[in-house]
Amino acid sequence: KAQEMRYGENPHQSAAFYVEAKPAEVGIATATQLQGKELSYNNVADTDAALECVKSFVKPACVIVKHANPCGVAVSPDAEGGIRQAYELAYATDTESAFG
């Protein structure tokens, strides 16, 4: 067990995050939370969905996910735009769903 979660799929449910001892590839289990409150089940599910989608791109890309569904995906069309440009393009696709 890696950590307790703020709540499960619904706020009245408890949850915990478990990881394999030796993960085979980069994923949520190998990530480090840098700041913020304890994650919820939905936070982990959304982050995992975004990471798995963005790993399929070679160029700088951004995937915004809400309730495990991509609501904004973009790739930076030029090398100078980088990840910031990818984020701005992805965010522009659906500014409401990207919140919260």
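Before reading on, note that the structure itself is shown above.
Residues numbered from 1 in each chain as written. Predicted model: local features only at pLDDT ≥ 70, side-chain atom pairs only at ≥ 80, totals over all residues. Heavy atoms only, no water.

A word on the packing of aromatic side chains
For step 1, the next point in the chain: According to the stated counting rule, one finds one aromatic pair in the structure shown.
For step 2, the next point in the chain: For the pair Tyr87 and Tyr91, a centre-to-centre distance of 5.8 Å together with 25° between the ring planes defines the contact as stacked. Of this pair, Tyr87 and Tyr91 both sit in helix H2 (residues 82–93), four residues apart, which is roughly one turn of the helix.
For step 3, the next point in the chain: Accessibility expressed as a relative area gives 41% for Tyr87, which makes it partly exposed.
For step 4, the next point in the chain: Owing to a relative accessible area of 33%, Tyr91 belongs among the partly exposed residues under this scheme. (Phe/Tyr/Trp six-rings, centres within 6.5 Å; stacked < 30°, edge-to-face > 60°. Helix = DSSP H or I, 4+ residues; strand = E, 2+ residues; numbered from the N terminus. Buried < 20%, exposed > 50% of the residue type's maximum accessible area, 1.4 Å probe, protein only.)

Notes on unusual backbone geometry
For step 1, the next point in the chain: In this structure, His67 takes a positive phi of about 55° despite not being glycine.
For step 2, the next point in the chain: Tracing the chain through its elements places His67 in the loop between strand E3 (61–66) and strand E4 (69–75).
For step 3, the next point in the chain: For His67, a relative accessible area of 57% corresponds to the exposed category.
For step 4, the next point in the chain: Its identity is not glycine, yet Ala68 carries a phi of approximately 65°, on the positive side.

A look at helix H1 (residues 41–54)
For step 1, the next point in the chain: Counted at 1.5 Å a residue, the expected span for H1 with its 14 residues is 20 Å, and the 20 Å between its end C-alpha atoms agrees.
For step 2, the next point in the chain: Those residues of H1 that fall on the buried side of the exposure criterion are Val44, Asp46 and Ala50. All buried residues of H1 lie within an arc of 165° about the axis, which places them on one face of the element.
For step 3, the next point in the chain: Buried residues belonging to H1 abut strand E2 (16–17) and E3. (Expected span 1.5 Å × (residues − 1). Arc of directions from axis to C-beta. Contact = heavy atoms within 4.5 Å.)

Examining the pattern of salt bridges
For step 1, the next point in the chain: This structure, assessed with the given rule, holds four salt bridges.
For step 2, the next point in the chain: Residue Lys55 is joined to Glu52 by a salt bridge in which the shortest nitrogen-to-oxygen separation is 3.1 Å.
For step 3, the next point in the chain: Residue Glu52 is classed as partly exposed on the basis of its relative accessible area, which comes to 38%.
For step 4, the next point in the chain: Between Glu88 and Arg84 there is a salt bridge, and its shortest N-O distance comes to 3.0 Å. Taken together, the residues span about one helical turn, with Glu88 and Arg84 both in helix H2 at a distance of four residues.
For step 5, the next point in the chain: Under the relative-accessibility criterion, Arg84 is labelled exposed at 61%.
For step 6, the next point in the chain: Salt bridges sharing partners connect three or more residues here, namely Glu25, Glu52 and Lys55. (Salt bridge = Lys/Arg side-chain N within 4 Å of Asp/Glu carboxyl O.)

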